[in-house]
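# Chains, contacts and geometry: an overview
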Amino acid sequence: MGFLENEFEHAVSAKSGAAGDQNVVSMPKTARPVVAPQERERRFRELLEALPAAVYTTDAQGRITYYNDAAAAMWGHRPPLGTSEWCGSWKLFWADGTPLPHDQCPMAIALKEDRPVRGMEAIAERPDGSRVSFLPYPTPLHDDAGRLVGAVNMLVDISERKRAEEQQALLVRELHHRVRNTLATVQAIMGSTARSSDTIEEFKDALIGRIGALAKTHRLLTDEVGDVSFGDILHNELDAFDDGSDNRITLTGPDVPLSAQLAVSLGMAMHELTTNAAKYGALSVWGGKIDVTWSMTIEATRRTLNFDWIESGGPAVSPPQRQGFGSRLLEVVLPGQIQAAATIDYRPEGVRMHCVVPMPLDEQR
């Protein structure tokens with residue numbers, strides 16, 4: 001410890017002698033108080049203990065001679081001095097998870113090759129199984145004759161940085177996944193809209209509306225903290241038609257959080273039902289009404305969203321002569337994308353739809 005403290009003083013003296021250095025104030029030797037070696041060692045030990053980084057030393061053979069409390073905390077135990085070699089970690093791994101033998105660790109390399117080692121990243125595993133990513137800074141120590149007498153190492157915990165990098169990589173993968181899904185959805189919308197449109201103007205208006213509905217659902221997914229609820233999607237489509245006249249829009253059901261995939265698919269379905277109601281159904285005339293009720297069925301192995309869309313007070317309804325985009329979405333696309341089962345009943349008094357959507361258990365709050 002005394003040798004390490006002398007090395008520290010030598011480094012400070014060299015720093016203070018550098019021309020133009022503004023960060024170190026040199027003191028004349030005559031002004032330095034005389035301190036007993038034991039007191040100097042105590043003070044330097046206190047300095048090392050106060051450091052937030054893990055610091056330890058070894059002799060020339062790699063046996064650990066000292067470590068501070070931060071090192072013990074990183075290792076998860078206190079290895080015996082004088083017998084533990086190279087590093088106090090219970091187990092060591094390279095950054096990619098490959099096992100790292102203690103006699104090949106950065107400290108061992110620094111002592112065997114008598115050179116500082118920088119730029120190596122490693123993982124320390126504690127006896128309890130938890131792991132810490134760190135950057136080591138092993139540096140050999142020499143006496144006045146230049147003989148290797150040991151080494152000092154500082155271990156910088158980079159676990160928070162690694163977690164941030166992993167989270168960023170996860171977000172990038174999720175972004176790529178959503179972009180691919182969105183482009184596939186837009187392509188499907190364009191194809192189906194073209195097949196169900198008789199004129200260019202009809203195609204343009206329908207496509208703009210459907211892309212707009214997709215954008216609104218994605219905006220909900222972006223703006224909401226956490227999951228989007230089924231009620232949010234319904235309000236997103238129907239609030240514009242609620243004029244307050246005798247409960248024209250009635251939405252009844254519990255809070256049901258949806259994953260991104262479910263939200264996009266159901267958002268498109270609600271947009272199609274709303275658009276058809278505004279063109280031909282209950283929302284196309286004064287006095288027409290729409291009631292949407294939904295519930296959750298929770299069983300041992302699954303959860304199911306059940307909802308009913310009921311129109312009333314609109315023009316007389318007759319079954320369509322051909323399958324449009326909305327019918328195809330409800331009867332073909334939803335079962336394929338989210339395994340939903342939708343049943344549409346074109347009653348004269350108004351369209352009714354019943355839909356059952358399976359939901360994973362891990363989406364339950």
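### Remarks on the overall build of the chain
When its secondary structure is counted, the chain shows nine helices and 14 strands. Burial analysis of the chain (365 residues in total) assigns 36% to the buried set. Partitioning the contacts of the chain with sequence separation of at least 6, the portion at a separation of at least 24 is 57%.

### Side note on the pattern of salt bridges
In this structure the tally under the stated criterion is 13 salt bridges. Here Lys 162 makes a salt bridge to Glu 121, at a shortest N to O gap of 2.9 Å. Note that Lys 162 is positioned in helix α5 (residues 159-195) and Glu 121 in the loop between α4 (106-113) and β4 (122-125), a separation of 41 residues in sequence. Residue Asp 143 is joined to Arg 147 by a salt bridge in which the shortest nitrogen-to-oxygen separation is 3.0 Å.

### Here we look at the packing of aromatic side chains
Applying the stated criterion across every chain yields a total of four aromatic pairs. A ring pair is formed by Tyr 67 and Trp 75, whose centres lie 5.4 Å apart and whose planes are at 70°; its orientation type is edge-to-face. Using a relative accessible area of 12% as the deciding quantity, one classes Tyr 67 as buried. Judged by its relative accessible area of 0%, Trp 75 falls in the buried class. Between Phe 230 and Trp 294, the ring centres sit 5.3 Å apart and the planes meet at 80°, which makes this aromatic pair edge-to-face. With Phe 230 in helix α7 (residues 230-238) and Trp 294 in strand β11 (residues 289-298), this residue pair connects regions lying 64 residues apart in the sequence. Judged by relative accessible area, Trp 294 falls into the buried class, the value being 8%. Connected via pairs of aromatic rings, a cluster forms that spans Tyr 56, Tyr 67 and Trp 75. In this arrangement the basic side chain of Lys 112 is found over the ring face of Trp 86, its NZ or CZ atom lying 5.4 Å from the centre. If you follow Arg 131 out to its NZ or CZ, it ends over the ring of Phe 93, 3.9 Å from the centre.

### A word on α4
Burial runs high along α4: six of the eight residues are buried. Those residues of α4 not exposed but buried are Pro 106, Met 107, Ala 108, Ile 109, Ala 110 and Leu 111. As for α4, its buried residues are in contact with β1 (54-59), β5 (131-136), β6 (139-142) and β7 (148-157). Once α4 ends, the next one or two residues include Asp 114, with phi positive near 55°.

### What to know about the nonpolar core
Grouped together as the largest cluster of nonpolar side chains are 33 residues, with contacts concentrated most on Phe 230, Leu 258, Ile 290, Leu 305, Phe 307, Trp 309 and Val 357. Where this core is concerned, the elements lending two or more residues are α7, α8 (260-279), β11, β12 (303-312), α9 (325-338) and β14 (350-359). For this core, the element with the highest residue contribution is α8, accounting for seven residues. Not counting chain neighbours up to four residues away, the residues in contact with Ile 290 comprise Leu 238, Arg 248, Ile 249, Thr 250, Ala 277, Ala 282, Leu 283, Trp 309, Ile 310 and Glu 311. If you look at the next biggest cluster of nonpolar residues, it comprises 22 residues, including Ala 72, Trp 86, Cys 105 and Phe 134.

### Description of the packing of α7 against α8
Two elements in contact, α7 and α8, have axes whose closest approach is 9 Å; the angle formed by their N-to-C orientations is 35°. Considering only the axes of α7 and α8, their crossing is right-handed. Packed against α7, whose contacting residues are Phe 230, Ile 233, Leu 234, Glu 237 and Leu 238, the element α8 presents Ala 263, Leu 266, Gly 267, Met 270, His 271 and Thr 274 at the interface. Looking at the contact of α7 with α8 residue by residue, the class counts come to seven nonpolar, three polar and one charged.

### Focus on the sheet that holds β12
Spatial strand order, β9-β11-β12-β14-β13: five strands in an open sheet with mixed pairing. Looking at which strands have only one partner, the edges of the open sheet turn out to be β9 (249-252) and β13 (341-347). Going from strand to strand, the sheet's axes swing by 10° on average, the running direction of each strand aside. Across seven bridges, β13 lies against β14 in antiparallel orientation. In the sheet register, Tyr 346 faces β14, and the bridge partner there is Val 351.

### Here's the deal with the confidence of the model for the chain
Low-confidence regions, as indicated by low pLDDT, have predicted coordinates that should not be scrutinised in detail. Summary statistics for the chain give a mean pLDDT of 78 and a share of 71% for residues scoring 70 or more. Between the elements of the chain, mean pLDDT differs from a low of 51, seen in helix α1 (residues 2-16), to a high of 95, seen in α4. Across residues 15-32, confidence stays below pLDDT 50; counting only partners more than four residues off in sequence or on other chains, it has seven contacts.

### As for empty space enclosed by the protein
Applying the stated criterion across every chain yields a total of two cavities of 30 Å³ or more. Its boundaries defined by the atoms lining it, the largest cavity holds a volume of some 40 Å³. Together, Tyr 56, Cys 87, Leu 92, Cys 105, Pro 106, Met 107, Phe 134, Pro 136, Asn 153 and Leu 155 line the largest cavity. Those elements giving two or more residues to the lining of the largest cavity turn out to be α4, β5 and β7. Looking at the lining of the largest cavity residue by residue, the classes come out as nine nonpolar, one polar and no charged.

The rules we used
- Residues numbered from 1 in each chain as written.
- Predicted model: local features only at pLDDT ≥ 70, side-chain atom pairs only at ≥ 80, totals over all residues.
- Heavy atoms only, no water.
- Helix = DSSP H or I, 4+ residues; strand = E, 2+ residues; numbered from the N terminus.
- Buried < 20%, exposed > 50% of the residue type's maximum accessible area, 1.4 Å probe, protein only.
- Contact = heavy atoms within 4.5 Å.
- Salt bridge = Lys/Arg side-chain N within 4 Å of Asp/Glu carboxyl O.
- Phe/Tyr/Trp six-rings, centres within 6.5 Å; stacked < 30°, edge-to-face > 60°.
- Lys NZ or Arg CZ within 6 Å of the ring centre and 35° of its normal.
- Core = buried A, V, L, I, M, F, W, Y, C linked by side-chain atoms within 4.5 Å.
- Axes fitted to C-alpha atoms, helices over the stretch in contact; angles between N-to-C directions.
- Left-handed = near helix turned anticlockwise from the far one by under 90°.
- Nonpolar A, V, L, I, M, F, W, Y, C, P; charged D, E, K, R; others polar.
- Pairing = 2+ DSSP bridges.
- pLDDT = per-residue confidence, 0-100.
- 1 Å grid on protein atoms, 1.4 Å probe; cavity = no way out; pocket = protein on both sides within 12 Å on 5 of 7 lines; lining within 4 Å.
- Points joined across faces, edges and corners; volume = space filled by probe spheres on them.

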